[in-house]
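Here are the chains, one letter per residue:
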Amino acid sequence: MKTGVDKLETPIEFLKGVGPKRGELLRKELSIYKFRDLLFHFPYRYVDKTSFHRIRDLHDQSGSVQLRGILRRLDVAGSGRKRRLVGRFRDDSGVIDLVWFTGVHWLQNNLLVGSEYIVFGKVNSFKGNISIPHPEIEKVGSEGVRQAATFAPVYASTEKLNTKGLDAKARRRLMKALMDQITPTDLEENLPAELVRRLQFPSHYESITNIHFPSSQAELDKARQRLKFEELFFLQLKLLQIKGRRKKVIKGYEFEQIGTFFNRFYQEKLPFELTGAQKRVIKEIRRDLRVGIQMNRLLQGDVGSGKTVVGLMTMLIALDNGFQACLMAPTEILAQQHHQSISAYVEGLGIRVAFLSGSIKGKKRKELLSLLELGEVHILIGTHALIEDKVVFKNLGLAITDEQHRFGVAQRAKLWAKSKPLPPHVLVMTATPIPRTLAMTLYGDLDVSVIDELPPGRKPVQTIHRTENHRMRVIGFMREEIAKGRQIYVVYPLIEESAKLDLQNLEEGYEALCREFPLPEYKISVVHGRMKPADKDYEMQRFARHETQIMVATTVIEVGVNVPNASVMVIENTERFGLSQLHQLRGRVGRGAEQSYCLLMSSFKLSNEAKERIQTMVRTNNGFEIAEADLKLRGPGNMEGTQQSGILNFKIADLAKDGRVLKAARNLATRILEEDPGLSLPKHLPIKMYLKKDDKEVRGWGLIS
Ligand code: ADP
Ligand code: MG
């Protein structure tokens, strides 16, 4: 073995027992290129090999068992496809058959009748006879058999690996071959000694050894704990470094003053008292805007928590300092609503608010664009039309995006380029609360503000679960609410893969509703994704103006739409919606003074997970609680807004379960960087060295938001 070179960088085919063919297989199937990759490919479970079963006690439900005994006979039975090797295996309590259908020749040549073996496999029962098909079998005393008392690691595998000679047993043998070569100097300590002592962690080397071949549960637990901490700690450290570097490098406009726009709005226009959370967030933003560093802030707040007014007041600060501001929303409907409510808020203050989307064309567009370039438009609100190259600002000081996860990376980058010489301050608003653990990781390099308080006087939406046999009662309830002057949403799922069927569902549902709610007394709007934008918009407007009482829709209404008079949300096929979607939908009601309701319609038979989702919705209105439940049910990689983020591919940490470890890791990373931003103190040398080797690429969000 080479010396002076990092042994862990050795290409995997040079490991004993691998070679070019298996090396290729490991690269293709598991992205294992070098020793380090294999070392950090941890087992996903362990089988307890600390004890032996007695053959007499085995039965068809015994599952995986470990036996120790003598191989008494070895016979080939059957022929053709049924040809198999049968081994009679005996311990001091009884006899059982071991059966192999493949590798017969090799086994015949290698197994020694009369010798003592350790056998591991799953008990199978066929017509009352039990046997063990394809057991692992190892000769007692032979090389490679560790002391019996271990937890045997089981590694994630693939069909190909299993059939091409890298099955569980072979993988274990490789791991052992690797561990035999690795010494403590190859896995140098990567955390400060003082910390390792204080947290009573095993060393880095010990934890890697023990994660693969633990000799007891306690040892395994300690190794897991440390490796989880390590993984989260180094990720947080990198994210915080990115953030720190950005703050050093990327200058921003200094908005020193609060002026007349802000003050007059606050004193004359604001129709309500800000909540404590809104005030706190505005303070956080003001602090950002004053210091000459570009702001990159994520604003999370549940539906209805009042993000718009916070966004507006931020824009007013920009205006007070002589700059323009823009607000970009993901849909035409949402952008229009923002335009309307913001125009109304600032009426009489002498602020020019303009709207831009794909539907603004020709002369009107030209005019608008030239006013914008002259600085005659103060606030521009619109869809992604805002980032087109032709849209030129005089001096854009602030860019706000609503529901940020719907924009792509490239789109957001274009916003940055809209201002010279410095990039605009950026505020990103989202109503999809994500659990803190996820936020810390996904947006670990951003500043995050949370509005965790709803405006006072809101009556929480009452959520009720109903099945098909309650249909008539639900219809009756809807009639009562309409009689009180309320409006109702009825929402159907629209999932890409079954779009045709879904649309049919919606149409049938719509027809059924038309029968239950006939003209002229009742009027119904329909909106779905296949309609032209102009038609959708027309229907939305009719509903918003209360010309119709019922809005039948697919999830297009999910984001942001605001019709305060709508007090009932009926969700059809609830079981097909994800939790965060359900919560978003429910957020469409409960926006006015009236008691609102959310009726979750589902079939009678439900999967456990669907039941759990529905129960969660019935139990709580709190978006963060719902996000936590979602995280537990679906895992971090499947939640809305997290899909393309490689950052969540953890080797051992689990954001759904390791929240406390994550918090500790982040706190420590913060403290260390505060004390020693360059990691140049001797005690931080282990960290610095490890960061150089650890090649998990971390790309921050800050630079792209
Ligand atoms: P979201 O956070 O979902 O975007 P909005 O900004 O649309 O929420 O606000 C929801 C509603 O609550 C709006 O009608 C808004 O006028 C109202 N609102 C916002 N802040 C307050 C407050 N502090 N007190 C009372 N009503 C408020
Ligand atoms: Mg909103």
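Residue indices begin from 1 for each chain and proceed along its sequence in written order. For this description, chains carry letters from A and ligands carry numbers from 1, given in the order in which they are written. At least 70 in pLDDT is required for a residue's local features to be given in this predicted model, at least 80 for side-chain atom pairs to be given and counted, and no such filter applies to totals for whole chains, interfaces and linings, which use all residues. The side-chain values count all of the structure's non-hydrogen atoms but skip hydrogen atoms and water molecules.

The next point concerns the sheet that holds strand β6 (residues 124–126). Spatial ordering of the open sheet is given by β6-β7-β4-β3-β2-β5-β8, a layout of 7 strands whose pairing is mixed. With one partner strand each, in any of the chains shown, β6 and β8 (136–139) form the two edges of the open sheet. When the angles between neighbouring strand axes are averaged without regard to direction, this sheet yields 45°. Pairing between two strands requires that DSSP report at least two bridges joining them. Going along the chain from the N terminus, every DSSP run of H or I of four or more residues is numbered as a helix, and every run of E of two or more is numbered as a strand. In terms of strand pairing, strand β2 (residues 64–77) meets strand β3 (residues 84–90) through 7 bridges, oriented antiparallel. Counterpart to Ala-77 in the pairing with β3 is Arg-84. To obtain an axis, a line is fitted to C-alpha atoms, over the contacting stretch when the element is a helix, and the angle between two such axes runs from 0 to 180 degrees between their N-to-C directions.

Moving on: the nonpolar core. We call a set of buried residues a nonpolar core when its members are Ala, Val, Leu, Ile, Met, Phe, Trp, Tyr or Cys and they connect through side-chain atoms within 4.5 Å of each other. When accessible area is computed with a 1.4 Å probe and restricted to protein chains, residues below 20% of their type maximum are described as buried, those above 50% as exposed, and intermediate ones as partly exposed. Leu-15, Leu-26, Leu-39, Phe-233 and Leu-237 are the most contacted members of the largest nonpolar core, which has 72 residues in total. Looking at this core, the element that brings in the most residues is helix α8 (residues 217–249), giving 10 residues. Split by domain, the residues of this core number at least three in each of domain 1 (4–47 + 158–176) and domain 3 (260–291 + 305–430). Only heavy atoms matter for contacts: two residues are in contact if any of them lie within 4.5 Å across the pair. Dropping the residues within four chain positions of it, Phe-233 is found in contact with Leu-191, Ala-665, Leu-668, Ala-669, Ile-672 and Ile-687. An automatic or database domain assignment supplies the residue ranges for each domain.

This part takes up the packing of aromatic side chains. Within 6.5 Å between ring centres, the rings of Phe, Tyr and Trp (the latter by its six-membered ring) count as paired, and their orientation is classed by plane angle as stacked under 30 degrees, edge-to-face over 60, tilted in between. In this structure the tally under the stated criterion is 12 aromatic pairs. Ring geometry for Phe-477 and Tyr-597: centres 5.0 Å apart, planes at 85°, overall edge-to-face. With Phe-477 in helix α16 (residues 471–483) and Tyr-597 in strand β22 (residues 597–602), this residue pair connects regions lying 120 residues apart in the sequence. We classify Tyr-597 as buried; its relative accessible area is 16%. Through a chain of ring-to-ring contacts, three or more aromatic side chains come together here, namely Phe-201, Phe-229, Phe-233, Phe-234 and Tyr-690. Here Arg-479 stacks its cationic end above the ring of Phe-517, 5.4 Å away from the centre of that ring. A ring is considered to have a charge above it if a Lys NZ or an Arg CZ atom is located within 6 Å of its centre and within 35 degrees of its normal.

Salt bridge, as used here: a side-chain nitrogen of Lys or Arg that lies within 4 Å of a carboxyl oxygen of Asp or Glu. If you walk through the whole model with that rule in mind, you get 39 salt bridges. In this structure, Asp-6 engages Arg-36 in a salt bridge whose closest nitrogen and oxygen atoms are separated by 3.0 Å. Highlighted residues: Asp-6 in the segment before α1 (19–30) and Arg-36 in helix α2 (residues 35–39), separated in sequence by 30 residues. Among the residues examined, Asp-6 registers a relative accessible area of 24% and is labelled partly exposed. Among the residues examined, Arg-36 registers a relative accessible area of 8% and is labelled buried. With a closest N to O distance of 3.1 Å, Arg-352 and Glu-376 form a salt bridge. Of the two residues, Arg-352 is situated in the loop between α12 (332–345) and β12 (353–356) and Glu-376 in the loop between α13 (362–374) and β13 (379–382); the sequence distance between them amounts to 24 residues. Three or more residues joined by partner-sharing salt bridges are found here, namely Arg-280, Glu-284, Asp-288, Arg-297 and Asp-452.

Along a regular strand, successive side chains alternate from one face of the sheet to the other. Burial along strand β20 (residues 550–553) is two-sided: Ile-550 and Val-552 and Met-551 and Ala-553, pointing in opposite directions, are all buried. As judged from the 4 bridges shared by strand β18 (residues 487–491) and β20, these two strands associate in the parallel manner. Among the inter-strand pairings, Tyr-489 is bridged to a residue of β20, identified as Met-551. The pairing of strand β19 (residues 524–527) with β20 spans 4 bridges and is parallel. Pairing of Ser-525 across the sheet is with Met-551, part of β20. You can see the chain leave β19, run along helix α18 (residues 533–544) and come back into β20, and the turn it takes is right-handed. Handedness of a crossover: with both strands directed away from the viewer, a clockwise path from the first strand across the helix to the second marks it as right-handed.

In short, shape yes, function no, at least from these values alone.
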